[in-house]
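# Structure at a glance
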Number of protein chains: 2
Amino acid sequence: MHTLNITPGGVSYPVFIGQQLLGNPELLAPFIRGHQVAVVSSKKAASLYLETLRKALGHFQVTEITLEDGEPTKSLAMLEHVVDCLLRDKHERSTTLIALGGGVTGDLCGFSASCYMRGVSFIQIPTTLLAQVDSSVGGKTGINHKRGKNMIGAFYQPACVLADVDVLATLPDRELSAGLAEVIKYGLIADPLFFAWLESHMDALVAKDSEALMQAVLSSCKNKALVVAEDEKEQGRRAILNFGHTFGHALETWAGYGNWLHGEAVAVGMVMATELSVRLGWVEEPLAERVRAVVQRANLPVSPPDDMKPEDFLDLMRVDKKTVGGQLRLVLLKALGEAVVTSTVPSGLLREQLAASCQET
Amino acid sequence: MHTLNITPGGVSYPVFIGQQLLGNPELLAPFIRGHQVAVVSSKKAASLYLETLRKALGHFQVTEITLEDGEPTKSLAMLEHVVDCLLRDKHERSTTLIALGGGVTGDLCGFSASCYMRGVSFIQIPTTLLAQVDSSVGGKTGINHKRGKNMIGAFYQPACVLADVDVLATLPDRELSAGLAEVIKYGLIADPLFFAWLESHMDALVAKDSEALMQAVLSSCKNKALVVAEDEKEQGRRAILNFGHTFGHALETWAGYGNWLHGEAVAVGMVMATELSVRLGWVEEPLAERVRAVVQRANLPVSPPDDMKPEDFLDLMRVDKKTVGGQLRLVLLKALGEAVVTSTVPSGLLREQLAASCQET
């Protein structure tokens with residue numbers, strides 16, 4: 001088992017990465033302060049892992065809250081439901097919430113923990129690759145509003161994260177691929193060696209090789225931890241983690257939540273952002289070729305749906321949280337492993353890129 | 001104008017206390033980072049002060065969100081409404097929310113600011129005495145759940161607080177009295193000299209004398225600031241600010257939100273807590289007599305409604321946030337100006353106190 005310590009805003013918490021972690025009561029116990037625990041899980045995760053977790057929590061008063069899978073769960077109505085269950089079972093400020101599931105579960109459970117009685121402890125047990133390498137680390141929690149994704153939320157850190165790669169064995173191929181999009185992202189924005197490693201190990205990853213997956217999760221979390229430690233509240237450098245996400249969120253919103261997986265949209269967004277970086281003369285075309293190749297080998301799409309138009313992107317990107325002063329901010333590449341945030345992309349070049357991306361298919 | 005700097009968790013912000021502050025654009029401008037502002041106000045506060053504030057905000061893009069007066073506004077539905085208005089007008093992360101109103105407005109606006117795009121800046125302009133001396137200072141924000149008050153919220157600090165005592169001239173007598181309950185509280189829990197000053201100036205306060213009110217707001221905020229600076233997240237000492245509130249919240253919930261003013265319920269709660277402290281032998285009966293006298297001179301009640309029973313208190317106090325390990329925690333007095341948090345009150349004594357309080361009328 002690897003232990004990675006993440007230190008955003010001065011408070012440190014561990015991310016445990018390994019095999020057979022889920023049923024280990026000794027791993028969890030030090031992070032539960034009181035006698036009460038609430039496990040918030042998705043139906044799918046509950047059916048696969050709740051029994052194992054329940055055994056590991058034998059001595060605690062446990063409330064089980066099982067939610068529908070999928071993005072619609074990230075709603076104010078589900079927040080109210082979680083709070084209702086907690087109050088019904090008289091959970092006190094010393095309670096601990098455990099998120100057992102993917103990113104949706106972690107985001108909703110984390111936000112619930114951040115605001116239940118103005119904040120209680122919580123633990124992340126991510127059961128998808130995407131959640132293990134991305135949403136469970138870094139403290140971003142939140143729910144959606146009909147006008148935009150993650151518009152209501154908090155920066156709120158877990159007490160610990162338990163990333164058990166054994167759970168990835170049951171993950172559908174499509175979801176594994178979606179997670180690999182974020183894995184590739186870390187290589188592109190911060191770690192050229194890791195990107196090269198991914199180019200040579202993508203087949204093992206797609207085949208769900210445990211050793212390869214453990215390495216991928218570890219390197220991803222390390223890279224994320226370094227960025228988050230510098231900038232907990234996304235005032236500056238942390239924004240590079242949104243590489244591919246401004247285009248990606250627009251695509252996700254356009255398609256309707258849940259029709260495209262987040263990682264699939266981010267994959268397309270990363271290809272677009274790299275191509276735009278080439279257009280600006282910041283990186284060379286061969287890098288864009290390498291990005292498209294590795295994305296394709298991860299069984300991910302490289303262009304938006306046929307019927308999505310440049311104007312759709314422009315309209316949807318204007319309400320993105322990363323907009324500042326009405327000027328669109330984008331994360332682009334200055335080199336392999338070096339991302340920058342820029343708000344000076346000439347709108348003509350942006351339009352050229354959107355036109356090219358929307359015709360590519 | 002007095003300026004008080006409050007430093008919870010290392011970040012400092014000013015509380016401005018004085019006259020003619022509301023229409024002063026130079027006071028506000030340094031605390032607005034971007035070009036967007038949203039003023040969240042109650043109908044009552046809007047009708048009295050929005051025009052003045054609007055002039056002071058001449059150069060900014062201003063969204064006005066006016067809400068119903070009263071506790072029902074502290075709901076998830078109203079949070080959603082605020083977020084909807086902000087997104088509709090394309091407010092970005094650099095926006096600033098301004099709460100113009102009483103505690104309800106401040107709590108809802110502050111919580112909205114804490115979670116809109118995972119946190120934006122906000123300014124408190126409290127327009128009731130209660131909000132000026134209590135809810136606007138200290139960073140507690142939140143909304144209600146049908147099972148309990150303030151069950152969903154955040155600790156979130158404003159960029160500044162602007163307490164203009166001129167606005168108290170238009171405050172109904174009943175609301176002024178409700179605010180005086182919290183003022184009296186600071187004397188009781190932390191400041192014997194201030195309590196003595198209150199005993200000699202209560203008539204001036206009830207008559208809305210500006211000088212007396214300014215002194216009362218200043219001393220109250222100073223005492224609160226000292227406690228909050230020590231303990232932002234209510235892990236320990238800050239809990240003494242809840243003196244009178246455990247009984248008071250039970251009374252408020254029992255009566256139905258809005259039927260008793262918060263300060264009225266707290267007044268009764270403080271009398272009960274002082275009497276219970278006498279029962280424990282921690283303070284002498286003459287102190288309880290002084291508390292009842294000053295509370296009555298502030299035109300506040302000293303006992304619960306006739307038809308409220310000891311069992312009603314016990315049932316409602318069990319879901320209070322200050323409960324730990326199933327054991328009821330109470331804030332009581334060890335001396336005038338010295339409050340302690342205790343969970344060792346023999347349940348027999350508590351029941352005796354409740355029986356006495358419920359028969360007193």
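Residues numbered from 1 in each chain as written. Chains lettered and ligands numbered in written order. Predicted model: local features only at pLDDT ≥ 70, side-chain atom pairs only at ≥ 80, totals over all residues. Heavy atoms only, no water.

## A few points about the sheet that holds strand β9 (residues 160–164) of chain A
Residues and elements named next belong to chain A.
- Strands sit in the order β1-β2-β9-β6-β5-β3-β4 across an open sheet of seven strands; the sheet is mixed. Edge positions in the open sheet fall to β1 (2–6) and β4 (61–67), since each of these has one partner strand only. Neighbouring strand axes in the sheet, compared pairwise and without regard to direction, differ in orientation by 15 degrees on average.
- With five bridges joining them, β1 and strand β2 (residues 13–18) adopt antiparallel strand pairing. (Pairing = 2+ DSSP bridges. Helix = DSSP H or I, 4+ residues; strand = E, 2+ residues; numbered from the N terminus. Axes fitted to C-alpha atoms, helices over the stretch in contact; angles between N-to-C directions.)

## Points about unusual backbone geometry
Residue and element names in this part refer to chain A.
- Residue lysine 90 is not a glycine yet carries a positive backbone phi of 55 degrees.
- Mapped onto the secondary structure, lysine 90 falls in the loop between α3 (76–88) and β5 (96–101).
- If you check the backbone angles, arginine 118 has positive phi at about 65 degrees while not being a glycine.
- Structurally, the position occupied by arginine 118 is in the loop between α4 (103–115) and β6 (121–126).
- Accessibility expressed as a relative area gives 7% for arginine 118, which makes it buried. (Buried < 20%, exposed > 50% of the residue type's maximum accessible area, 1.4 Å probe, protein only.)

## Here we look at the packing of helix α6 (residues 173–190) of chain A against helix α7 (residues 192–206) of chain A
Residues and elements named next belong to chain A.
- As a packed pair, α6 and α7 sit with axes 7 Å apart at the nearest point and diverge in direction by 160 degrees. As judged from the angle between their axes, α6 and α7 are roughly antiparallel. As for the relative orientation of α6 and α7, their crossing is left-handed in sense. For the pair α6 and α7, contact is made by Leu176, Leu180, Val183, Ile184, Tyr186, Gly187, Leu188 and Ala190 and by Pro192, Phe194, Phe195, Leu198, Met202, Leu205 and Val206, respectively.
- For the contact of α6 with α7, the per-class residue count stands at 14 nonpolar, one polar and no charged. (Parallel < 35°, antiparallel > 145°, perpendicular 65-115°, else oblique. Left-handed = near helix turned anticlockwise from the far one by under 90°. Contact = heavy atoms within 4.5 Å. Nonpolar A, V, L, I, M, F, W, Y, C, P; charged D, E, K, R; others polar.)

## Some remarks on the confidence of the model for chain A
- Overall, the predicted model of chain A reaches an average pLDDT of 92, with 95% of residues at or above 70.
- The ipTM, which scores confidence in the relative placement of chains, is 0.84 for this predicted complex, and the corresponding pTM is 0.86. (pLDDT = per-residue confidence, 0-100.)

## Section: the pairing of β6(A)
Residue and element names in this part refer to chain A.
- With six of its six residues buried, β6 lies for the most part within the structure.
- Residue alternation in β6 divides its side chains into two sets, Ser121, Ile123 and Ile125 and Phe122, Gln124 and Pro126, and both sets are buried.
- Pairing geometry for β5 and β6, over six bridges, is parallel. Each residue of the ladder has a partner; that of glycine 101, found in β6, is proline 126.
- After leaving β5, the chain enters α4 and then returns to the sheet as β6, a path that is right-handed.
- Judged from the two bridges that link them, β6 and β9 form a sheet pairing that is parallel. Within the sheet, the bridge partner assigned to isoleucine 123 lies in β9 and is cysteine 160. (Right-handed = clockwise from strand over helix to strand, strands pointing away.)

## Topic: the packing of helix α7 (residues 192–206) of chain B against helix α8 (residues 210–230) of chain B
All names here are of chain B.
- At a minimum axis separation of 10 Å, α7 and α8 run at an interaxial angle of 145 degrees. For the pair α7 and α8, the sense of crossing is left-handed. The residues of α8 that touch α7, namely those facing Phe194, Trp197, Ala204 and Leu205, are Ala212, Leu213, Gln215, Ala216, Ser219, Ser220 and Asn223.

## Remarks on helix α13 (residues 347–359) of chain B
All names here are of chain B.
- For α13, with 13 residues, the first-to-last C-alpha span of 18 Å sits near the 18 Å given by 1.5 Å per residue.
- When we look at burial in α13, the residues that qualify are Leu349, Leu350, Gln353, Leu354, Ser357 and Cys358. Angularly, the buried residues of α13 cover 165 degrees about the axis, an arc narrow enough to put them on a single face.
- Check the buried side of α13 and you find it contacts α9 (245–255), α10 (262–279), α12 (310–317) and β10 (330–335). (Expected span 1.5 Å × (residues − 1). Arc of directions from axis to C-beta.)

## A look at the nonpolar core
- Counting residues in hydrophobic clusters, the biggest one holds 99 residues, and the most contacted among them are Ile184(A), Phe247(A), Phe313(A) and Leu350(A).
- Other than its neighbours up to four places away in sequence, Phe313(A) contacts Phe247(A), Ala250(A), Leu251(A), Met272(A), Pro304(A), Met308(A), Leu354(A) and Cys358(A).
- Grouped together as the second largest cluster of nonpolar side chains are 97 residues, Leu22(B), Leu27(B), Leu28(B) and Leu162(B) included. (Core = buried A, V, L, I, M, F, W, Y, C linked by side-chain atoms within 4.5 Å.)

## A short note on the sheet that holds strand β2 (residues 13–18) of chain B
Residues and elements named next belong to chain B.
- Read across the sheet, seven strands follow the order β1-β2-β9-β6-β5-β3-β4 without closing on themselves; strand pairing throughout is mixed. Strands with a single pairing partner mark the edges of an open sheet, and in this sheet they are β1 (2–6) and β4 (61–67). Neighbour-to-neighbour, the strand axes of the sheet open up by a mean angle of 15 degrees, direction not taken into account.
- With respect to the sheet, helix α3 (residues 76–88) is in contact with β3 (36–42), β4 and β5 (96–101), its orientation differing from that of β4 by roughly 160 degrees.
- The strands touched by α8 within the sheet are β1, β2 and β9 (160–164), with β1 carrying the most contacts at an inclination of about 15 degrees.

## Topic: the pattern of salt bridges
- In total, this model carries 44 salt bridges over all chains according to the counting rule given.
- Taking the shortest distance from any N to any O, the salt bridge between Asp84(B) and Arg147(A) comes out at 2.8 Å. Of this pair, Asp84(B) sits in helix α3 while Arg147(A) sits in the loop between β7 (140–145) and β8 (148–155), placing the two residues on different chains.
- The buried category is assigned to Asp84(B), whose relative accessible area is 18%.
- Assessed through its relative accessible area of 36%, Arg147(A) is described here as partly exposed.
- Look at the salt bridges and you will find they share partners, linking Glu71(A), Lys74(A), Asp107(A), Lys149(A) and Glu252(A) into a network. (Salt bridge = Lys/Arg side-chain N within 4 Å of Asp/Glu carboxyl O.)

## Re the environment of Thr274(A)
Residues and elements named next belong to chain A.
- Within the secondary structure, threonine 274 sits in helix α10 (residues 262–279).
- Apart from residues no more than four positions distant in its own chain, threonine 274 is found in contact with Phe243, Val283, Leu287, Ala288, Val291 and Leu333.
- Within the structure, the side chain of threonine 274 is placed 2.7 Å from the backbone oxygen of methionine 270, a separation counted as a polar contact. (Polar contact = N/O pair within 3.5 Å; in protein donor to acceptor, adjacent residues only side chain to side chain.)

## What about the side chain of Gln36(B)?
Residue and element names in this part refer to chain B.
- With respect to the secondary-structure elements, glutamine 36 resides in strand β3.
- Within the structure, glutamine 36 has its side chain in polar contact with the backbone oxygen of lysine 90 (distance 3.0 Å).
- A distance of 2.8 Å separates a polar side-chain atom of glutamine 36 from the backbone nitrogen of glutamate 92.
- Excluding residues within four positions of it along the chain, glutamine 36 makes contact with Gln61, Asp89, Lys90, His91, Glu92, Thr95 and Thr96.

## Some thoughts on the packing of aromatic side chains
- In total, this model carries eight aromatic pairs over all chains according to the counting rule given.
- Relative to Phe31(A), the ring of Phe16(A) has its centre 5.9 Å away and its plane inclined at 65 degrees; by these criteria the two rings are edge-to-face. Residue Phe16(A) is found in strand β2, and its partner Phe31(A) is found in the loop between α1 (25–28) and β3 (36–42); the two are separated by 15 residues along the sequence. Phe31(A) carries the same exposure label as Phe16(A), and that label is buried.
- Both rings, one in Phe194(B) and one in Trp197(B), keep their centres 5.9 Å apart while their planes meet at 20 degrees; by these two values the pair is stacked. Of this pair, Phe194(B) and Trp197(B) both sit in helix α7, three residues apart, which is roughly one turn of that helix.
- A cation over a ring is seen here: Lys334(B) above Trp282(B), with NZ or CZ 4.0 Å from the ring centre. (Phe/Tyr/Trp six-rings, centres within 6.5 Å; stacked < 30°, edge-to-face > 60°. Lys NZ or Arg CZ within 6 Å of the ring centre and 35° of its normal.)

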